[in-house]
Structures are given as C-alpha cells and as structure tokens.
Amino acid sequence: MRRFDTGDSVRIDIPDETDPDHDWLHGRQGTVVEIIIDDAGAVTDDEREGYLFRVKFDDGETADVRWRDLRPA
C-alpha cells in the first residue's frame, strides 16, 4: 500500500533534529517523480517500507525518502 503516487506534491517532514537529513530536507516541498521498489518491506515486515519515493524539488535537486517522511503539500 502506497500513500503517494508519481505526480503528487509532497512536503518532507523530518521533525527529529538529530536525523542527518533534517537540515537538508525538513520542510522542503517537491513532486514525486519516481517510485522505487526495494526489499526493505520484507526485512522490516512492513509493506510500506518497500517503496522509496524520489522527490524532485524546484531547484532540480532530488532526494529518495520513505513514506514516513512525506506529507501532502
């Protein structure tokens, strides 16, 4: 089950200030441009973990994030 799909506008939400990606990503908004399927869901036994969402920002940068770090924009 995926919460987001290609073309969705999203906001990155990483409230944990000790997370290494917090300063770079927290609060940024972009568009999901690709969904990458991996085996993390099988490892964690949580099917939501089996997807990486590639988000493209207005400045052209991209980041791959998990569902838990995304909110609707």
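Parameters and conventions
Within any chain, residue numbers begin from 1 and follow the written order of that chain's sequence. A pLDDT threshold of at least 70 governs which residues receive local features in this predicted model, and a stricter bar of 80 or more applies before side-chain atom pairs are shown or counted, although totals over entire chains, interfaces and linings include all residues. The side-chain numbers reported here are obtained from all heavy atoms of the structure, hydrogens and water having been left aside. Only the six-membered ring of Trp is used, alongside the rings of Phe and Tyr, when aromatic pairs are assigned; centres must lie within 6.5 Å, and planes under 30 degrees apart are stacked while those over 60 apart are edge-to-face, with the rest tilted. Strands are runs of DSSP state E lasting at least 2 residues, helices are runs of H or I lasting at least 4, and numbering of each runs from the N terminus. For every residue, the accessible area (1.4 Å probe, protein chains only) is compared with the maximum for its type, and the residue is labelled buried under 20%, exposed over 50%, or partly exposed between those bounds. Two strands pair if DSSP finds at least two bridges between them. Here an axis means a line fitted to C-alpha atoms, over the contact stretch when the element is a helix, while the angle between two N-to-C directions is reported on a 0 to 180 degree scale. We call a set of buried Ala, Val, Leu, Ile, Met, Phe, Trp, Tyr and Cys residues a nonpolar core when their side-chain atoms join them within 4.5 Å. When checking whether two residues touch, look at their non-hydrogen atoms; a contact exists if any pair is within 4.5 Å.

1. A closer look at the packing of aromatic side chains
For step 1, the next point in the chain: Applying the stated criterion across every chain, the model contains 2 aromatic pairs.
For step 2, the next point in the chain: On the numbers, 6.1 Å between centres and 85 degrees between planes, the contact of phenylalanine 4 with phenylalanine 53 is edge-to-face. Placement of the pair is phenylalanine 4 in the segment before strand 1 (9–12) and phenylalanine 53 in strand 3 (residues 51–57), with a sequence separation of 49 residues. In this structure, phenylalanine 4 and phenylalanine 53 share a single accessibility class: buried.
For step 3, the next point in the chain: Residues tyrosine 51 and phenylalanine 53 carry aromatic rings whose centres are separated by 6.5 Å and whose planes lie at 40 degrees to one another, so their mutual orientation is tilted.

2. Details of the sheet that holds strand 1
For step 1, the next point in the chain: Spatially, the 5 strands line up as an open sheet ordered 4-3-2-1-5, and their pairing is antiparallel. Each edge of the sheet is formed by a strand with only one pairing partner; in this case those strands are strand 4 (62–65) and strand 5 (70–72). Strand-to-strand twist across the sheet, computed as the mean angle between neighbouring axes with direction ignored, equals 45 degrees.
For step 2, the next point in the chain: Here strand 1 pairs with strand 2 (residues 29–37) via 3 bridges, running antiparallel. Paired with valine 10 across the two strands is glycine 30, which belongs to strand 2.

3. Comments concerning the pairing of strand 4
For step 1, the next point in the chain: Burial along strand 4 is one-sided: the residues Ala63 and Val65 are buried and none of Thr62 and Asp64 is.
For step 2, the next point in the chain: Relative to strand 4, strand 3 is paired through 4 bridges, and the arrangement is antiparallel. Opposite arginine 54, over in strand 4, you have aspartate 64 as the bridge partner.
For step 3, the next point in the chain: The turn linking strand 3 back onto strand 4 is made up of 4 residues, and glycine 60 within it adopts a positive phi angle of 95 degrees.

4. Side note on the nonpolar core
For step 1, the next point in the chain: If you look at the biggest cluster of nonpolar residues, it comprises 15 residues, and the most contacted ones within it are Ile12, Leu25, Phe53, Val55 and Leu70.
For step 2, the next point in the chain: For this core, the secondary-structure elements that each account for two or more residues are strand 1, strand 2, strand 3 and strand 4.
For step 3, the next point in the chain: Per-element accounting of this core gives the leading share, 4 residues, to strand 3.
For step 4, the next point in the chain: Other than its neighbours up to four places away in sequence, valine 55 contacts Val10, Ile12, Gly30, Thr31, Val32, Glu61, Thr62, Ala63, Val65 and Leu70.

Geometric values such as these leave the question of function open.
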